[in-house]
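So you can see what is in the structure, the chains are spelled out below.
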Protein chains: 2
Amino acid sequence: MTQLVVVGGSDAGISAALRAREVDPSVEVTVVVADAFPNYSICGLPFYLSGEVSDWHALAHRTAAEIERHGITLLLDHAAQAIDPEAHNLTVSDAAGRARTLAYDRLVIATGAEPIPPAIPGRELPSVYVLHTMEDSFHVQAHLTTRQPRHAVIVGGGYIGLEMADALTYRGLSVTLLQRGPSVLHSVDASLARLLEDELRRHGVHVITGAQVAGISQAGSRLAVTYAPGNRIETDLVVLGTGVRPVTRLAHLAGAMLGQHDAIQVTRRMETNLPDVFAAGDCVETWQRILERPAYLPLGTTAHKQGRIAGENAVGGSAAFAGSLGTQVVKVFDLAVARTGLLEREAQAVGFAAVTSEATLWDHKVYYPGARPLTMRITGDRHTGRLLGAQLVGHWQAEVAKRIDIAATALFHGMRIDELIDLDLSYTPPVSSPWDPVQMAAQAWVAANSPSFAIPTTGPE
Amino acid sequence: MTQLVVVGGSDAGISAALRAREVDPSVEVTVVVADAFPNYSICGLPFYLSGEVSDWHALAHRTAAEIERHGITLLLDHAAQAIDPEAHNLTVSDAAGRARTLAYDRLVIATGAEPIPPAIPGRELPSVYVLHTMEDSFHVQAHLTTRQPRHAVIVGGGYIGLEMADALTYRGLSVTLLQRGPSVLHSVDASLARLLEDELRRHGVHVITGAQVAGISQAGSRLAVTYAPGNRIETDLVVLGTGVRPVTRLAHLAGAMLGQHDAIQVTRRMETNLPDVFAAGDCVETWQRILERPAYLPLGTTAHKQGRIAGENAVGGSAAFAGSLGTQVVKVFDLAVARTGLLEREAQAVGFAAVTSEATLWDHKVYYPGARPLTMRITGDRHTGRLLGAQLVGHWQAEVAKRIDIAATALFHGMRIDELIDLDLSYTPPVSSPWDPVQMAAQAWVAANSPSFAIPTTGPE
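Residues numbered from 1 in each chain as written. Chains lettered and ligands numbered in written order. Predicted model: local features only at pLDDT ≥ 70, side-chain atom pairs only at ≥ 80, totals over all residues. Heavy atoms only, no water.

### Observations concerning the overall build of chain A
Defined as follows: In DSSP terms, a helix is any run of H or I states spanning at least four residues, a strand is any run of E spanning at least two, and both are numbered starting from the N terminus. As defined in this context, the radius of gyration uses C-alpha atoms, and a globule is described by 2.2 Å times the residue total to the power 0.38. Whether a residue is buried, partly exposed or exposed follows from its accessible area with a 1.4 Å probe, protein chains only, as a fraction of its type maximum: under 20%, in between, or over 50%, in that order. The contact criterion used is simple: two residues touch if any of their non-hydrogen atoms lie within 4.5 Å.
Within chain A one finds eleven helices and 25 strands. At 24 Å, chain A has a C-alpha radius of gyration in line with the 23 Å of a compact globule built from 461 residues. In terms of its C-alpha atoms, chain A occupies a principal-axis envelope of roughly 75 × 60 × 40 Å. Split into buried and exposed, the 461 residues of chain A put 60% on the buried side. If you take every contact in chain A between residues at least 6 apart in sequence, the share linking residues at least 24 apart comes to 61%.

### Here we look at the packing of helix α1 (residues 11-23) of chain B against helix α8 (residues 300-314) of chain B
Residue and element names in this part refer to chain B. Test applied: Lines fitted to C-alpha atoms define the axes, with helix axes restricted to the stretch in contact, and inter-axis angles between N-to-C directions lie between 0 and 180 degrees. By definition, any crossing whose near helix is turned counterclockwise from its far helix by less than a right angle is left-handed, and any crossing with a clockwise turn is right-handed. Under the convention adopted here, Pro, Cys and the residues Ala, Val, Leu, Ile, Met, Phe, Trp and Tyr are nonpolar, Asp, Glu, Lys and Arg are charged, and Gly plus all remaining residues are polar.
It is at 7 Å that the axes of α1 and α8 come closest, and there the two elements cross at 35°. Note that α1 runs across α8; the crossing there is right-handed. Together, Asp11, Ala12, Ser15, Ala16, Arg19, Ala20, Glu22 and Val23 of α1 and Gly300, Ala303, His304, Gly307, Arg308, Gly311 and Glu312 of α8 make up the contact between the two elements. Among the residues making up the contact of α1 with α8, the classes are represented as five nonpolar, five polar and five charged.

### Focus: the pattern of salt bridges
Residues and elements named next belong to chain A. The cut-off we apply is this: By definition here, a salt bridge exists when the distance from a side-chain nitrogen of Lys or Arg to a carboxyl oxygen of Asp or Glu is within 4 Å.
Taken as a whole and assessed by the stated rule, the structure comprises 39 salt bridges over all chains. Here Arg245 makes a salt bridge to Glu114, at a shortest N to O gap of 2.9 Å. Of this pair, Arg245 sits in strand β17 (residues 244-246) while Glu114 sits in strand β8 (residues 113-115), and the two are 131 residues apart along the sequence. Note that Glu234 and Arg232 form a salt bridge whose closest N and O atoms lie 3.1 Å from each other. Via salt bridges that share partners, Arg222, Arg232, Glu234 and Asp236 belong to a single interconnected network.

### Some points on the sheet that holds strand β13 (residues 212-219) of chain B
Residue and element names in this part refer to chain B. For the record, the criterion: If DSSP finds at least two bridges between two strands, the strands pair.
Judged by pairing direction, the sheet is antiparallel, and its three strands sit side by side in the order β13-β14-β15 without closing on themselves. Pairing within the sheet leaves two strands with one partner each, and these edge strands are β13 and β15 (231-235). Each strand axis lies, on average, 25° off the axis of its neighbour in the sheet, ignoring direction. In this sheet, strand β14 (residues 222-228) lies alongside β13 in antiparallel orientation, the contact comprising seven bridges. Across the sheet, the residue bridging to Gly215 is Thr226, located in β14.

### Considering helix α8 (residues 300-314) of chain A
Residue and element names in this part refer to chain A. To keep things clear, this is the line we draw: Multiply 1.5 Å by the residue count of a helix minus one, and that product is the helix's expected span.
Over its 15 residues, α8 runs 21 Å from end to end, which matches the ideal 21 Å to within 8%, given 1.5 Å per residue. Within α8, 15 of the 15 residues are buried, leaving the element largely enclosed by the surrounding structure. Where α8 ends, the next residue or the one after it, Gly316, has phi of about 105°, a positive value.

### Considering helix α10 (residues 400-412) of chain A
Residues and elements named next belong to chain A. With 13 residues, α10 should reach 18 Å at 1.5 Å per residue; the first-to-last C-alpha distance of 18 Å fits that figure. Burial of α10 is extensive: 13 of the 13 residues sit out of reach of the surface. Phi turns positive one or two residues past the end of α10, at Gly414, with a value near 65°.

### Things to note about the packing of aromatic side chains
We apply this condition: When the centres of two rings from Phe, Tyr and Trp lie within 6.5 Å, Trp using its six-membered ring, the rings pair. Their planes under 30 degrees apart give stacked, over 60 give edge-to-face, and anything left gives tilted. Only when the NZ of Lys or the CZ of Arg is both within 6 Å of the ring centre and within 35 degrees of the ring normal is a charge said to sit over the ring.
Enumeration according to the criterion identifies 16 aromatic pairs over all chains in this entry. With centroids separated by 6.0 Å and ring planes inclined at 40°, the aromatic side chains of Tyr40 of chain B and Trp56 of chain B adopt a geometry described as tilted. On the criterion of sequence distance, the pair formed by Tyr40 of chain B in the loop between β2 (28-32) and α2 (45-50) and Trp56 of chain B in the loop between α2 and α3 (64-69) is long-range, its members being 16 residues apart. Every member of this aromatic cluster is reached through a ring pair, and the members are Phe37, Tyr40, Tyr48, Trp56 and Phe138 of chain A. Between Lys331 of chain B and the ring centre of Trp396 of chain B, over which it is positioned, the NZ or CZ distance is 4.9 Å.

### Looking at the interface of chain A and chain B
Selection criterion: Once two parts are brought into contact, the accessible area they lose, counted with a 1.4 Å probe and summed over both, makes up the buried area. Throughout this description, a polar contact denotes any pair of N or O atoms lying within 3.5 Å of each other; where both atoms belong to protein, one of them has to be capable of donating a hydrogen while the other can accept it, and for residues adjacent in sequence the pair is counted only when both atoms sit in side chains.
With 73 residues of chain A at the contact, the number on the chain B side is 73 residues. Counting the surface lost from both chain A and chain B, the interface buries some 6600 Å², and carbon and sulfur atoms represent 60% of this. Its largest share of buried area at the contact with chain B, chain A owes to Tyr367, Lys402 and Asp424 of chain A, together 12% of the area lost on that side. One salt bridge in this structure joins Asp436 of chain B and Lys402 of chain A, with 2.7 Å as the shortest N-O distance. The tally of links from chain A across to chain B stands at 30 residue pairs in polar contact (both at pLDDT 80 or more). When contributions to the side of chain A that touches chain B are tallied by element, the ones reaching two or more residues are α1 (11-23), α8, β21 (328-332), α10 and α11 (437-449) of chain A. Among the elements that take part in the side of chain A that touches chain B, α10 of chain A stands out by supplying eleven residues, more than any other. Of the residues that constitute the side of chain A that touches chain B, the class distribution is 35 nonpolar, 21 polar and 17 charged.

### Describing unusual backbone geometry
All names here are of chain B. Of note in the backbone geometry, Ser127 takes a positive phi value of approximately 70° without being a glycine. Inspection of the secondary structure assignment puts Ser127 in the loop between β8 (113-115) and β9 (128-129). Judged by its relative accessible area of 7%, Ser127 is buried. For His261, which is not a glycine, the phi torsion comes out positive at approximately 55°. Assignment of secondary structure puts His261 in the loop between α7 (249-253) and β18 (277-279). Note on His261: relative accessible area 58%, which makes it exposed.

### Overview of the sheet that holds strand β13 (residues 212-219) of chain A
All names here are of chain A. Spatially, the three strands line up as an open sheet ordered β13-β14-β15, and their pairing is antiparallel. For this open sheet the edge positions go to β13 and β15 (231-235), each flanked by a neighbour on one side alone. Strand-to-strand twist in this sheet, taken as the mean axis angle between neighbours without regard to direction, amounts to 25°.

### Structural notes on the side chain of Thr340 of chain B
All names here are of chain B. Residue position: Thr340 is located in strand β22 (residues 335-341). A polar contact of 2.8 Å, which involves the side chain of Thr340, links it to the side chain of Thr327. Setting aside residues up to four positions removed in sequence, Thr340 forms contacts with Leu325, Gly326, Thr327, Gly389, Ala390, Ile404, Ala407, Ala408 and Leu411.

### Side note on the confidence of the model for chain A
Residue and element names in this part refer to chain A. Heads up, the rule is: Each residue carries a pLDDT value, the predictor's own confidence for that position, ranging from 0 to 100.
Averaged over every residue, the pLDDT of chain A is 95; residues scoring 70 or more account for 98%. Predicted confidence for residues 453-461 stays below pLDDT 50, and this span has 24 contacts to residues more than four positions away or in other chains. Confidence estimates for the predicted assembly give a pTM of 0.96 and an ipTM of 0.96.

So this is what it looks like as structure tokens:
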């Protein structure tokens, strides 16, 4: 009987365990979970803290009991200490520090990522939080419920920072968002980031860009955040929306090779260089489908896919990861902002003749009530016409997410931008136009970048 | 200077004219329009009659003035009488019956479709309406505004019938919908049609299936509709939601070959068999991309695409129509129902080993407020795993339309169903799940139809 041990109880780990049991119901699967919260939707933390999700238990993709019903053994509150790749075993320790050794035939490492501690003096002070685990969210929740804060500073305008600005505003706090760069969310172009900043301000968030945080200090019962050039703001709590890095100590000590961003190197079959050891999720390098090389792209969707592949292959399968396009979406108040593929600067950096066009279009026929503007940016190669990336901002109920997915599916197939016009997409006046906005944006790119015909005097329809 | 004449001022005709001018700004373009309403969104008529669109002028995709600003001459209220393909000219007559002849270098026929008069005694009575043109809608609107009807009977549960049931209910009428077949909307499977029928009934529509209408007669100031088996219903007005047929008399008399459903035969470059004569839109056969052969699939989206290609090729281009998948969506009260590709019975009829699975999934993570069920049916070939079609019903704001478009884009590329799982789609808890519902439905099909692994005991996530 094959023994499969999985280290990590989040998206990749649980996906691997479930898939292994699905493909081979005879495999014995043990999942080592560092805390008591297997298979939680970490993406849901901001909605728990906003109050939109009242019970944190609801954030579980599956309960522990559901996972165990699949024939999977969970070792909760156990830390993986060391892999012996020759002996094929894993040493773990429980909360009391008692060690034990698990023998494996196959091992899946799914140790995830951790926040990068920002180099800010005072980041260790009470009332300064990061948000990455269930435990982290309990600390913030305890602060919110017991201390009734009125004001929060959020450092960093990435996904978590934006979602927390929304969440804490929803919860009734006054929020200041400090962003080091010239605009929030540097994963989209500045013109779209401006739309997000407008939306944040419209909902009362004080957005300050170009703000380099110098330090956090105690100011009586409150905190003082100082930021260049020469400003100081008092607040009740600080949330640090930092970047993340792969958790790889366990793998590295066992001899696993590391690559981009020190993430674990894996094949597209999610194999490490260690015999019978697979790895998946936020701790590994991800195959970028357009670049055709590895990158570090920690995303929940990718973790699910990679975990599934690792689990299948750990029981003898031969699945391969098709690659990530970096497709992502975030909701900020009433807007959704989504992207897939490469930004122009990213595409240019690897040698594409990348050019971008921007178009603002109605999400559906404007005669039908409730039409909302969508702003879409299309990036493509000027020489080949190939689609390289797309970005879209609009009302979150204007099918922004699934419209970027049309572009993502086109990118998956390496389509040229003019070919998007050939797609047979659905239309009825309340939800689209005879040419979907994605196709109108494609037409705008083609019109601006094809010398073979004149640019239309009004927008394409 | 090239002279291009276009017959027909709806989607295909105006698209052809605009595209010709875009590609070759020197071409002289004249569009012959049978009525005074060029480029109107006929798909919008139900929303005009519901009152959601208060001014019918708003239904114009573009005004006549906007079209003329593109350098296009409009001949409104002119009927095309005859084509002389040898002499390269077209005879037209104005409203007073005065004939004139237009010389052309290239001609585009875009004469559209017309309702099939149903074989129902009494269909000529006053207060019995079809809905296909702006004029038709004015007649219904006049009835609604001047006669204050309280009850309507709609004959036919296709797209127009369903939209009019919604529209007239919205307008305050009591509505009875008579459908000959065992369920409404035979373009989707019965289990999804049931969801639509439930929605209609929930909004007060009296849905009667298996109702063969025998005749309509005057009953005092009202109408009486009799239908088998032996029923009679009195009403104030009747809307006949009939099928349509291509308008091809002009083309046929000139020697154009007809094909499926007597629609005009065209190449994928939208060429007829007549020299320098192109045709596009609801009057032509459409290349069906999965069947790889022509079919009759009159849809506004297709008309726009084909018109664009005809216009480009009429001025020397070489564009080819990529084919239709029959992608469509309709909103009925709070639901949208969408499909793309083939139904199981359609696929089986042409030799595919088609099997279908159905899954009901949440549109987004259920912990985030407002999650709504989506019911998706996936049809694929059991031997090859190839995706053949998809159908989806759910709340119209649950991204139903653009989710079917993900499937349509996958179909466009001939993907296998298991490959849908590889797509890198966007996720945030308010709009989706780490596996989009489209991917969960694909997983359900694979689990049900792949002998290589066990079916999961709970739904895939």
